[in-house]
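A look at the structure
Spelled out from the first residue to the last, the chains are:
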Amino acid sequence: MQDCRQCHSDPGKAVVTHAPYAAGECSSCHQLAQDKRHPEDRGAVILTGTGARLCNQCHDALDTAKNVHGPVASGDCILCHQPHASKNGNLLNNTGMGLCLNCHENTFSQKKMHGPVADGNCLICHDPHQSDNPFFLKMGLPALCFSCHNPSAMSDKSVHAPVKKGNCLACHDPHGSPYRKHLRKDFPEAFYLPFNPENFAICFDCHALEMILERRTDSLTNFRDGDRNLHFLHVNKIDKGRSCKACHDPHAAEQPKLIKRRIPGFGKWEIPIAFDKKATGGTCVVGCHKPKSYDRTKAVNDQQ
Ligand code: HEC
Ligand code: HEC
Ligand code: HEC
Ligand code: HEC
Ligand code: HEC
Ligand code: HEC
Ligand code: HEC
Ligand code: HEC
Ligand code: HEC
Ligand code: HEC
């Protein structure tokens, strides 16, 4: 074969040069088509293999896992990699999020981005080639989330069913969202606020909104005294309705029914809550107030 370097000069300021290219082994990837002369004949120089087969002469196949990324499956390695040299590591065409946005729509910058997404660090969660996990994730859930977030707040005595299943994505968008805490739907910061079902939309994805709307019920909730709905009483107020988080932790809590042990009070003082769940009701002591009880079979407090 001709000395290719005679006419094709080295790339300028490449940071990474592909080993066989640097070694001048052009013929491991290029060959002359039979009876053709280069450069006189157009298209005389052809590749020694098509698609991934060219690369797999030297590299392990990257389509062996359960889930293979589209362009890898189709052997379009050079849609992401330069075959000769690049100013980016790993011979990549682009860095960070830019690489992915060559093909994927930028739905990321429209929302409040999740930390690693804002850093353009897609690869901390996704493998670019393949994985046995869905979406080419590097780890399963919730392990992936716990590689950065503390799992201790999620493993108390009572654990919320979707959290126990590791289904963080039921409530959180891994890339970010327009709502706080990267939630898929709204959930407010405040502990007290005028009632509006929109505020707790994330909860009513799975729970029946009626549990907050009906003043009296003998079925919609267990938090009732006789048929007086105590969810309605606490939450459904025009001015100072309570948020769910005034009583519940969305992930896990020390007391039954996701009831928190303490909630923020004044300044640094936290208000303790002691919840004693009984077969047909419960008793609650909040801060230094008198104990309050409810009983579903026989109302404790029938007058209101
Ligand atoms: C005598 C000078 C010369 C040598 C030696 C040479 N090339 Fe080229 N090559 C050219 C020119 C000129 C073009 C541009 C042709 C065009 O634009 O039509 C070219 C184009 C190419 C192309 C683009 C595709 C094509 O066929 O037009 C490839 C691939 C290529 N060369 C590979 C090689 C390889 C591999 C070698 C070594 C085996 C090599 N060339 C040796 C002059 C040379
Ligand atoms: C690892 C495989 C590989 C090696 C080694 C390699 N090439 Fe290539 N080269 C390719 C592929 C793949 C393309 C087609 C790129 C495209 O279609 O975008 C290409 C395209 C080219 C082209 C045309 C486009 C351009 O970049 O100008 C030339 C010229 C070329 N190679 C020259 C060389 C020379 C000279 C060497 C040796 C010093 C070499 N190549 C070594 C894979 C290789
Ligand atoms: C969607 C873009 C994309 C496609 C398509 C792609 N790669 Fe990669 N590749 C990457 C990224 C990003 C890295 C860097 C990985 C990292 O930093 O962890 C990489 C790294 C590599 C590496 C070096 C590190 C390693 O994992 O061994 C090789 C070799 C490689 N790719 C080969 C290939 C081959 C062969 C194909 C085609 C079968 C291919 N790639 C297709 C994005 C891609
Ligand atoms: C002739 C053998 C050969 C072929 C063909 C080949 N590679 Fe490589 N490639 C190597 C060698 C050798 C290294 C260096 C490995 C190392 O440093 O461990 C390398 C390294 C890489 C790297 C890592 C670069 C870095 O940052 O250090 C990537 C990415 C890569 N190859 C992609 C590809 C792709 C994509 C193709 C097909 C277009 C391909 N290779 C074809 C031999 C080859
Ligand atoms: C060369 C084009 C291309 C690039 C670059 C690219 N992708 Fe893809 N990606 C695809 C194609 C094609 C599919 C399969 C079609 C589909 O399901 O959307 C896909 C699918 C995916 C999927 C699975 C989607 C699903 O619904 O199953 C994920 C996750 C993904 N890509 C992440 C990434 C990440 C992260 C990057 C950057 C490292 C990236 N992609 C870069 C073309 C690309
Ligand atoms: C914190 C981990 C994490 C980071 C960082 C991350 N992703 Fe994802 N990505 C996921 C998870 C988890 C899913 C599965 C989403 C689902 O089931 O709703 C996903 C799904 C996807 C999908 C397919 C579904 C969709 O939403 O379109 C694409 C494409 C994708 N990611 C691309 C990217 C790109 C591009 C980046 C960088 C800008 C990125 N991801 C950063 C965790 C992450
Ligand atoms: C690579 C590390 C990393 C991984 C993996 C990761 N996160 Fe994050 N997460 C962060 C960083 C950094 C922040 C702080 C910046 C911000 O608010 O986004 C954050 C913030 C959050 C927040 C908002 C916290 C607050 O107090 O406002 C939530 C909710 C969250 N992540 C959920 C998840 C979920 C769910 C997963 C798994 C799908 C996950 N994270 C995976 C790094 C990570
Ligand atoms: C049922 C819905 C739901 C599920 C499932 C869920 N979260 Fe949350 N998460 C929330 C809500 C609501 C908040 C905001 C709490 C607040 O306003 O104080 C939150 C807040 C967070 C925060 C911010 C820190 C904090 O306590 O305020 C992190 C980090 C977080 N979640 C991670 C996760 C991880 C990891 C998983 C999976 C193991 C997960 N979440 C599952 C609803 C959920
Ligand atoms: C993805 C669906 C889903 C979402 C979203 C969701 N939950 Fe749940 N929740 C469940 C399931 C499933 C159970 C278990 C129901 C059962 O055991 O009958 C449950 C049970 C509960 C319980 C009773 C816990 C126990 O130990 O019996 C409380 C309290 C609760 N959820 C509060 C909330 C709050 C507050 C929100 C909003 C921040 C919320 N949930 C959002 C699915 C969800
Ligand atoms: C004043 C405290 C308090 C507030 C505020 C509160 N809950 Fe509860 N919730 C309870 C108690 C106590 C129970 C346990 C009832 C029982 O089993 O005896 C409960 C039970 C539940 C259950 C289990 C099913 C049921 O109704 O018995 C769900 C689901 C639930 N709450 C969701 C919510 C949601 C969503 C919000 C906010 C819109 C909310 N809670 C606000 C105290 C509260």
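Structure's up top.
Not measured: the values here are computed from a predicted model. Per chain, residues are indexed from 1 in the order of the written sequence. Numbering of ligands from 1 and lettering of chains from A proceed in the order in which they are written. Reporting in this predicted model follows two pLDDT cut-offs: at least 70 for local features of residues, and 80 or more for side-chain atom pairs to be given and counted; totals over whole chains, interfaces and linings ignore these cut-offs and use all residues. Side-chain metrics rest on all non-hydrogen atoms present in the structure, leaving aside hydrogens and water.

1. With respect to the site of ligand 3
A molecule or strand has a residue near it when one of that residue's heavy atoms lies within 4 Å. Neighbouring ligand 3 are 17 residues; Leu62, Cys77, Cys80, His81 and His129 lie closest to it. For ligand 3, a nitrogen atom lies 2.8 Å from a polar atom in the side chain of His129. Numbering of helices and strands starts at the N terminus; helices are DSSP runs of H or I of at least 4 residues and strands are runs of E of at least 2. Elements supplying a minimum of two residues to the shell around ligand 3: α2 (51-56) and α3 (70-73). Any pair of N or O atoms that falls within 3.5 Å is considered a polar contact. Within protein, one atom must be able to donate a hydrogen and the other to accept it, and sequence-neighbouring residues count only if both atoms are side-chain atoms.

2. Topic: the coordination of the iron atom of ligand 3
All of the protein donors around the iron atom of ligand 3 are His81 (NE2) and His129 (NE2); their distances to the metal are 2.0 Å. In this structure, the iron atom of ligand 3 is surrounded by six donor atoms whose angles at the metal cover 87 to 178°, and the resulting shape is octahedral. In this pair, His81 is assigned in the loop between α3 and β5 (85-86) and His129 in the loop between α5 (115-118) and β7 (130-131), connecting sequence segments 48 residues apart. In this structure His81 comes out as partly exposed when scored by relative accessible area, which is 25%. Because no water is among the atoms considered, metal sites can look incomplete, with donors defined as N, O and S atoms within 2.8 Å of the metal, or 3.2 Å for Na, K and Ca. All geometry calls rest on donor angles, where a four-donor set with angles between 85 and 135 degrees is tetrahedral, four- and six-donor sets with opposite donors more than 155 degrees apart and all others between 65 and 115 are square planar and octahedral, and all else is irregular. A simple rule labels every residue: compare its accessible area, found with a 1.4 Å probe on the protein chains alone, to the largest value its type can have, and call it buried under 20%, exposed over 50%, or partly exposed in between.

3. Quick word on the environment of Phe195
In this fold, Phe195 is placed in the loop between β10 (192-193) and α8 (210-213). Considered as a pair, Phe195 and Thr50 are 145 residues apart in the sequence and their alpha carbons are 63 Å apart. When near neighbours in sequence (up to four residues on either side) are disregarded, Phe195 contacts Phe200, Ile212, Leu213, Val235, Asn236, Lys237 and Ile238. Note on contacts: a residue pair is in contact if any heavy atoms of the two residues lie within 4.5 Å.

4. Remarks on the coordination of the iron atom of ligand 1
For the iron atom of ligand 1, the full set of protein donor atoms is His8 (NE2) and His38 (NE2), at a range of 1.9 to 2.0 Å. Here the iron atom of ligand 1 is ringed by six donor atoms whose angles at the metal span 88 to 178°, and the overall shape comes out octahedral. Of the two residues, His8 sits in the segment before β1 (16-17) while His38 sits in the loop between β2 (30-32) and β3 (45-47), which places them 30 residues apart along the sequence.

5. Details of the pairing of strand β17 (residues 281-286)
Following DSSP output, two strands are said to pair if at least two bridges run between them. As judged from the six bridges shared by strand β16 (residues 270-278) and β17, these two strands associate in the antiparallel manner. Paired with Phe275 across the strands is Cys284, a residue of β17. Between β16 and β17, which pair antiparallel one after the other, the connecting turn spans two residues. Taken together, the four bridges between β17 and strand β18 (residues 292-295) define a ladder with antiparallel strand orientation. Opposite Cys284, over in β18, you have Lys292 as the bridge partner. Adjacent in sequence and paired antiparallel, β17 and β18 are bridged by five residues, among which Gly287 carries a positive phi angle near 55°.

6. Observations regarding the nonpolar core
Put simply, a nonpolar core is a bunch of buried Ala, Val, Leu, Ile, Met, Phe, Trp, Tyr and Cys residues held in one set by side-chain atoms that sit within 4.5 Å of each other. Listed in full, the ten residues of the largest apolar core are Leu183, Phe187, Leu193, Phe195, Phe200, Ile202, Phe204, Met211, Ile212 and Val235. If we ignore the near neighbours within four places in the chain, the residues touching Ile212 are Phe195, Phe204, His231, Phe232, Val235 and Asn236.

7. Focus: the packing of aromatic side chains
Two rings belonging to Phe, Tyr or Trp (six-membered ring only in the last case) form a pair when the distance between their centres is within 6.5 Å. Interplanar angles under 30 degrees mark stacking, angles over 60 mark edge-to-face geometry, and anything in between is tilted. According to the stated counting rule, one finds three aromatic pairs in the structure shown. Measuring from centroid to centroid gives 6.5 Å for Phe195 and Phe200, while their planes differ by 20°, and the two rings are stacked. Relative accessible area serves as the criterion here: at 16%, Phe195 is assigned to the buried category. Exposure remark for Phe200: the relative accessible area of 1% places this residue in the buried category.

8. Re the pattern of salt bridges
Salt bridge, as used here: a side-chain nitrogen of Lys or Arg that lies within 4 Å of a carboxyl oxygen of Asp or Glu. Evaluation of the coordinates by the stated rule reveals eight salt bridges. Between Asp205 and Lys185 there is a salt bridge whose closest N-O contact spans 2.5 Å. In this pair, Asp205 is assigned in the loop between β10 and α8 and Lys185 in the loop between β9 (176-177) and β10, connecting sequence segments 20 residues apart. Looking at Asp205, the relative accessible area reads 41%, which means it is partly exposed. Note on Lys185: relative accessible area 33%, which makes it partly exposed. Connected through shared salt-bridge partners, Lys111, Asp173 and Arg184 make up one network.

None of the figures reported here should be taken as evidence of function without further support.
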